[in-house]
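What follows is each chain in one-letter form.
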2 protein chains.
Amino acid sequence: MEIKFIKREKLKEKPLGNLGFGKYQTDYLLYRDYKDGKWEDPIIAPFENFSYNPSMYVLHYAQETFEGMKAYRTNEGKVLLFRPLENAKRFMRSNERMCMPVIPAEEFLICVESLVKIEKNWIPSEKNSSLYIRPFMYATDIGLGVKASKTYRFVIICSPSSEYYKFEPTRIYVEDYYVRAVKGGTGEAKCGGNYAASIIAAENAQKKGFSQVLWLDGVERKYVEEVGTMNVMFKIAGKIVTAPLDGSILPGITRDSCLKILKSFGYEIEERKLSIQELIEASKKGILEEAWGTGTAAVITPIGELYYQGFTMKINNFEVGEVTKKLFEHLKSIQFGEFKYLDWSYEVK
Amino acid sequence: MEIKFIKREKLKEKPLGNLGFGKYQTDYLLYRDYKDGKWEDPIIAPFENFSYNPSMYVLHYAQETFEGMKAYRTNEGKVLLFRPLENAKRFMRSNERMCMPVIPAEEFLICVESLVKIEKNWIPSEKNSSLYIRPFMYATDIGLGVKASKTYRFVIICSPSSEYYKFEPTRIYVEDYYVRAVKGGTGEAKCGGNYAASIIAAENAQKKGFSQVLWLDGVERKYVEEVGTMNVMFKIAGKIVTAPLDGSILPGITRDSCLKILKSFGYEIEERKLSIQELIEASKKGILEEAWGTGTAAVITPIGELYYQGFTMKINNFEVGEVTKKLFEHLKSIQFGEFKYLDWSYEVK
């Protein structure tokens, strides 16, 4: 694999002020086409529009996958990625599930690193800001028969971004009608269809004054799965409880990191089925102590309230809990290189 | 709504021989953009590539829906659509589920009819061939936050097509691992994500020598849902049995048409839950008499064999059954205008 580079004539102006999330695009992108059963060499090219035939397969049958990563600037000006190999491996698993060709983890990493190196001046230095990295792949065959496409495009784009949410307690609506995923479906894969399916519930919840939904399992509508597009954790009577990775839940890298950090803090972790009824009981007994969502974009989102079928569970008096805060600060300090933990930080040199 | 027309300088050569399915593209397409909360006027333009920003929402979160329809040429040279209002209404329902803007059924019909009128010379006159019509819509916002897009493009493309499958018995693998849809999910909507999720099971089945899979329900993995991308019907001891439209099944227009025709033939219809165990018992007793799939692309697909966990159910000696054949012929004769039935045929003048 050899990466080609096409230089642009003039660099863009960097944006000032609140960057938002995924709003601005950097000077370059990387793309790599798959055809005749193999990957061509990647090309780093000026960020410009692509051209497509309206019969392009992805527009009809949604054969598409993605990843989300961030590049952080440390106080000393170093550039760090956070556990990028985990993204590379999950991308492989997502593509297998969706019948799409796999990019070896090592090549994926080289692609990400090469683009970030070129775009390093786009990594914001404001507190809690970072360069969001979006690797994605989609089917590019021309035609309408339903089958796996034979051609694909892999792309990486970058976007300088501020915090996704403010770090403050959110109100969450427990969804009892719509379902995000079911075992045997695509819930474990990071594919577009999961997100498209989830939009209506989030919009309905927002109309009612909630910021996200808590998903229940698709079989019994009973067990807690995820919150919005994040994994979710609870502190109940001192223990940390989260849903197990049993086939319908996205194996979040932030989820895994949080569990490892919490273990190192000495907390007992329970990865197990947790019913909404158990949460209600815990709330009534006063032992539902904290709750938060975990994800790459938002990092940690504190949950201050859960609403389920007429019953409101206030959590920690609608204040950010101690563990939630400690976890957020600790995770950020690792991501921004203030604290070295295992081999989680990967320096782009 | 006023449709603009951009004429192309030179028309394409029409293809000869086997047309395949969705392979060839006609001279024109129709597109219509949604922005600032409303639909702009549709444009019929030469079929050419579109240009897109790699951040386009649909490539990341699969907010996309589609329909499938056909235009038929009668022996007298008339052009017929088959129950197009049903497609228009289903498209509205799909878009509501996916949080996308709705096109009023009447405007949808005018768009389809206007394009078919211009492309009428592309409707093949070979037996069982037709002009496949693909209306679809996708999210075009630029950005990476997960929410409903605010801009969309609606497109109609046409493709002269031969039969999707040969009308002969197929071998079907009963899928017991992967799941197509679950109630509360998107199974009722004609959205890309359902199709992307289904590919792996179809590819695995094909590797084992089957042509499609039979999907079981996502909750109990017990009840028959659909076959491949079609609805499915069984003749058991003289009665016609098919899965009810209970939230996880696509409400097929061919399905509905078949049920109405079969009723008019005098058959008793049962829309009810049908377990795979009941099918096995019926097969053992010799009363599983016929089985077939129904859909716009393939019309009727005879099923000659079902394979479930080591047990093979041969159906009607792997020959096309009497009802299957009669249904296929009758449906085609209505679609091609040889037989008028209710108001199902819509003439494009």
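What you are looking at is a predicted structure, and each value in this text was computed from that prediction instead of being measured. (Residues numbered from 1 in each chain as written. Chains lettered and ligands numbered in written order. Predicted model: local features only at pLDDT ≥ 70, side-chain atom pairs only at ≥ 80, totals over all residues. Heavy atoms only, no water.)

### A closer look at the overall build of chain A
Secondary structure assignment for chain A yields seven helices and 20 strands. Projected onto its principal axes, the C-alpha positions of chain A cover 60 × 55 × 35 Å. A burial count over chain A gives 63% of its 349 residues as buried. For chain A, the exposed surface amounts to about 14,000 Å²; the carbon and sulfur share of it is 48%. Side chains of chain A give 49 positive and 46 negative charges; the mean places of these two sets differ by 1 Å. (Helix = DSSP H or I, 4+ residues; strand = E, 2+ residues; numbered from the N terminus. Buried < 20%, exposed > 50% of the residue type's maximum accessible area, 1.4 Å probe, protein only. Areas by Shrake-Rupley, 256 points an atom, 1.4 Å probe, with all protein chains shown as cover. Lys, Arg positive; Asp, Glu negative; His and termini not counted. Charge placed at Lys NZ, Arg CZ, Asp CG, Glu CD.)

### Some points on unusual backbone geometry
All names here are of chain B. For alanine 62, which is not glycine, the phi torsion reads 55 degrees and is therefore positive. You can see alanine 62 is positioned in the loop between helix H1 (58-61) and strand E6 (64-66). Accessibility expressed as a relative area gives 1% for alanine 62, which makes it buried. One non-glycine residue, asparagine 317, lies in the positive phi region at around 60 degrees. Within the secondary structure, asparagine 317 sits in the loop between strand E19 (311-314) and helix H7 (322-335).

### Concerning the pairing of strand E2 (residues 28-35) of chain A
All names here are of chain A. With seven of eight residues buried, E2 lies mostly within the body of the structure. Here E2 runs beside strand E4 (residues 43-46); their pairing, made up of four bridges, is antiparallel. Counterpart to tyrosine 28 in the pairing with E4 is proline 46. One ladder, built from five bridges, connects E2 with strand E10 (residues 152-161); its direction is antiparallel. Within the sheet, the bridge partner assigned to leucine 30 lies in E10 and is isoleucine 156. In this sheet, strand E3 (residues 38-39) lies alongside E2 in antiparallel orientation, the contact comprising two bridges. (Pairing = 2+ DSSP bridges.)

### What to know about the pattern of salt bridges
All names here are of chain A. Summed over all chains, the structure comprises 39 salt bridges over all chains. Between lysine 235 and glutamate 289 there is a salt bridge whose closest N-O contact spans 3.1 Å. Here glutamate 289 lies in strand E17 (residues 288-295) and lysine 235 lies in strand E14 (residues 230-236), a separation of 54 residues in the sequence. Take lysine 235: its relative accessible area is 14%, and that puts it in the buried class. For glutamate 289, a relative accessible area of 25% translates into the label partly exposed. (Salt bridge = Lys/Arg side-chain N within 4 Å of Asp/Glu carboxyl O.)

### Focus: the interface of chain A and chain B
Chain A puts 60 residues into the contact, and the matching count from chain B is 60 residues. Across the interface of chain A and chain B, roughly 5,100 Å² is buried in total on both sides, 61% from carbon and sulfur atoms. Joining chain A to chain B, the criterion identifies zero salt bridges. Between chain A and chain B we count 29 residue pairs in polar contact (both at pLDDT 80 or more) in total. For the side of chain A that touches chain B, the element with the highest residue contribution is helix H4 (residues 192-207) of chain A, accounting for eight residues. Looking at side-chain class alone, the side of chain A that touches chain B contains 34 nonpolar, 17 polar and nine charged residues. By the bridge criterion, three bridges tie strand E5 (residues 50-52) of chain A to strand E5 (residues 50-52) of chain B in an arrangement that is antiparallel. (Contact = heavy atoms within 4.5 Å. Buried area = accessible area lost by both parts, 1.4 Å probe. Polar contact = N/O pair within 3.5 Å; in protein donor to acceptor, adjacent residues only side chain to side chain. Nonpolar A, V, L, I, M, F, W, Y, C, P; charged D, E, K, R; others polar.)

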